[in-house]
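# Summary of structural features
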Amino acid sequence: MNDKIYIHEFISITKQNRARYMHHMAANWSPIAQETRNQLCYGVWGVVGSTGHWPQVVNMWEEDGFSGLAESFGKELGNAALQDPALAKWWAAAADLRSGGFDRLVVPHPDTRTITELCDARVTGEAYAHELITVRPGEARSFLDAALADASKSSNHGWQLTGAWQTAMRGNDEAILLWTIPDWATWARAEEELTAGKDILLPNASGKIETRQRILLVDSPLCPFRTGRQPNRDDRTDWTD
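The rules behind the values
- Residues numbered from 1 in each chain as written.
- Predicted model: local features only at pLDDT ≥ 70, side-chain atom pairs only at ≥ 80, totals over all residues.
- Heavy atoms only, no water.
- Pairing = 2+ DSSP bridges.
- Helix = DSSP H or I, 4+ residues; strand = E, 2+ residues; numbered from the N terminus.
- Axes fitted to C-alpha atoms, helices over the stretch in contact; angles between N-to-C directions.
- Contact = heavy atoms within 4.5 Å.
- Core = buried A, V, L, I, M, F, W, Y, C linked by side-chain atoms within 4.5 Å.
- Buried < 20%, exposed > 50% of the residue type's maximum accessible area, 1.4 Å probe, protein only.
- Phe/Tyr/Trp six-rings, centres within 6.5 Å; stacked < 30°, edge-to-face > 60°.

Right, let's get into the sheet that holds strand E4 (residues 98–108). Paired through their backbone hydrogen bonds, the strands of a sheet run either parallel or antiparallel. Reading around the circumference, E1-E3-E2-E8-E5-E7-E6-E4 is the order of the eight strands in this closed barrel, with antiparallel pairing throughout. Taken over all neighbouring pairs, the strand axes of this sheet differ in orientation by 35° on average, direction set aside. Judged from the eight bridges that link them, strand E1 (residues 5–13) and E4 form a sheet pairing that is antiparallel. Within E4, the position partnered with Tyr6 by the bridge is Val106. Against the sheet, helix H5 (residues 140–153) contacts strand E5 (127–135), strand E6 (160–167), strand E7 (174–181) and strand E8 (209–219), and its axis sits at roughly 175° relative to E6.

Okay, the nonpolar core next. Within the largest apolar cluster, 24 residues are counted, with the highest numbers of intra-cluster contacts made by Phe143, Ala147, Trp159, Leu177, Trp179 and Leu202. Where this core is concerned, the elements lending two or more residues are E5, H5, E6, E7, helix H6 (184–195) and E8. For this core, the leading source of residues is H5, giving six residues. Here Leu202 is in contact with Glu131, Phe143, Ala147, Asp150, Leu177, Trp179, Ile209 and Arg212, once residues within four sequence places are set aside. Residues Tyr6, Trp165, Leu217 and Phe225 belong to the second largest nonpolar core, which totals 22 residues.

A word on the packing of aromatic side chains. Inspection of the entire model under this criterion finds 10 aromatic pairs. Measuring from ring centre to ring centre gives 6.1 Å for Trp159 and Trp179, while their planes differ by 65°; the resulting arrangement is edge-to-face. Residue Trp159 is found in the loop between H5 and E6, and its partner Trp179 is found in strand E7; the two are separated by 20 residues along the sequence. The pair Trp159 / Trp179 is uniform in exposure class, with both members buried. Three or more aromatic residues joined by ring pairs make a cluster, and in this case those are Tyr6, Tyr42, Trp45, Tyr128, Trp165 and Phe225.

If you want it as structure tokens, here you go:
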């Protein structure tokens, strides 16, 4: 059972800095977070601009439940600047690479595997489909139950439902799904069916959906889905690299 909590981030990138930002987050932030906050890097991806906002990055961080996140918040926010003073140089470097973002706290379905379990199983893809879904208030968990049930019954479309979360701190009406796709041809075949109105991904769960937005992601060089491991201090560079 997955009892973690995840920070989900949409990050707006400045100019031509997407690759530098993704490296800064994975190589220069994640090893610190692992050591000081018990926070793991779930994933760092670039958004395929033809399918969503650009240039944009999606980060996800795996926290040790709400209690672990509360401890992390206490360390980060217990000062006048609302930033850990020990990380001032890191924040300054990051500020040159991004212009802002939008974060969510998301709660995993109990059957969603942790990043450690996914790395152990070597779950990876050439592309990833990220779905942001709204349902009627109070029905996010029942939607996720139905989505996982659909995914377990059919895999002939080639997409693997890797992650399923509901958004915390709102009306239990928003969910996020992450699909792992082995190659671009497999994405195209399934997308043709979906565009034609045949929901091969969620044939039953789709009846619960109010709104649905799908974008494509590609993992960064140090994303655990690509490497099968957490970023470590050997990956780090000078803050300004």
